[in-house]
Amino acid sequence: MDAVEHYTEQEVLEARDSIAAGQDQLREELGEELESISRQISRLQELAQQLKKE
C-alpha cells in the first residue's frame, strides 16, 4: 500500500509562503548578479574601445 501523507491547510500555506520567500530571495540575488555582470560587460567594452584607439 502506498504511503500517503496528509497535510493540514496551515502546513500547505506555510510551505507555499516559504517557497515564495525563497523565490523572492533568488530573484533579488539574480538581479544583483545581473547588475554586476552588466557593469563588467560595460567595463570590458570601454577597455576594448581604448585598445582600438591605441
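Above this note sits the structure.
On a predicted model such as this, the values are computed, not experimentally measured, just so you know.

Q: Residues and numbers for the overall build of the protein chain, please.
A: Across its full length, the protein chain holds one helix and zero strands. Taken over C-alpha atoms, the radius of gyration comes to 23 Å for the protein chain, far larger than the 10 Å a tight globule of 54 residues would show. Projected onto its principal axes, the C-alpha coordinates of the protein chain cover approximately 75 × 25 × 5 Å. Here the protein chain holds 54 residues, and 0% of them are scored as buried.

Q: Mind laying out a negative patch on the surface, listing which residues take part and the relevant values?
A: Where like charges cluster on the molecular surface, the negative patch consists of Glu28, Glu29, Glu32, Glu33 and Glu35. One can find Glu29 in helix α1 (residues 9-53). Given the relative accessible area of 38%, Glu29 is considered partly exposed.

Q: Which residues make up the pattern of salt bridges, and what are the values?
A: Where charged atoms of side chains with opposite charge meet at close range, the side chains can pair. The tally for this structure, following the rule as stated, stands at three salt bridges. Ionic pairing is found between Arg16 and Asp17, a salt bridge with its closest N-O pair at 3.3 Å. Classification of Asp17 as partly exposed rests on a relative accessible area of 44%.

Q: Any chance you could break down the environment of Ala20 for me, citing the residues and the numbers?
A: Locating Ala20 in the fold gives a position in helix α1. Residue Ala20 is classed as partly exposed on the basis of its relative accessible area of 31%. Each C-alpha atom of the pair Ala20 and Arg39 lies 29 Å from the other, and the pair is 19 residues apart in sequence.

Calculation criteria
Throughout this document, residue positions are counted from 1 along each chain, in the order its sequence is written. The predicted nature of this model means local features are confined to residues of pLDDT at least 70 and side-chain atom pairs, given and counted, to a pLDDT of 80 or more, with totals for whole chains, interfaces and linings taken over all residues. Here the side-chain values reflect all heavy atoms present in the structure, with hydrogen atoms and water set aside. Numbering of helices and strands starts at the N terminus; helices are DSSP runs of H or I of at least 4 residues and strands are runs of E of at least 2. Note that the radius of gyration is over C-alpha atoms, with the globule rule given as 2.2 Å times the number of residues to the power 0.38. Buried residues are those whose accessible area, probed at 1.4 Å on protein chains only, stays under 20% of the maximum for their type, while exposed residues exceed 50% and partly exposed ones sit between those limits. Without a salt bridge and with relative accessible area above 30%, a residue can belong to a patch; like charges are then joined within 9 Å and nonpolar side chains (Val, Leu, Ile, Met, Phe, Trp, Tyr) within 5 Å. Each accessible area is a Shrake-Rupley estimate made with a 1.4 Å probe; only the visible protein chains count as cover when residues are assessed. Basic side-chain nitrogens of Lys or Arg form a salt bridge, by our definition, when they fall within 4 Å of a carboxyl oxygen of Asp or Glu. Counting rule for charge: Lys and Arg are taken as positive, Asp and Glu as negative, and neither His nor the chain ends is counted. For charged residues, the charge sits on one atom: NZ in Lys, CZ in Arg, CG in Asp, CD in Glu.

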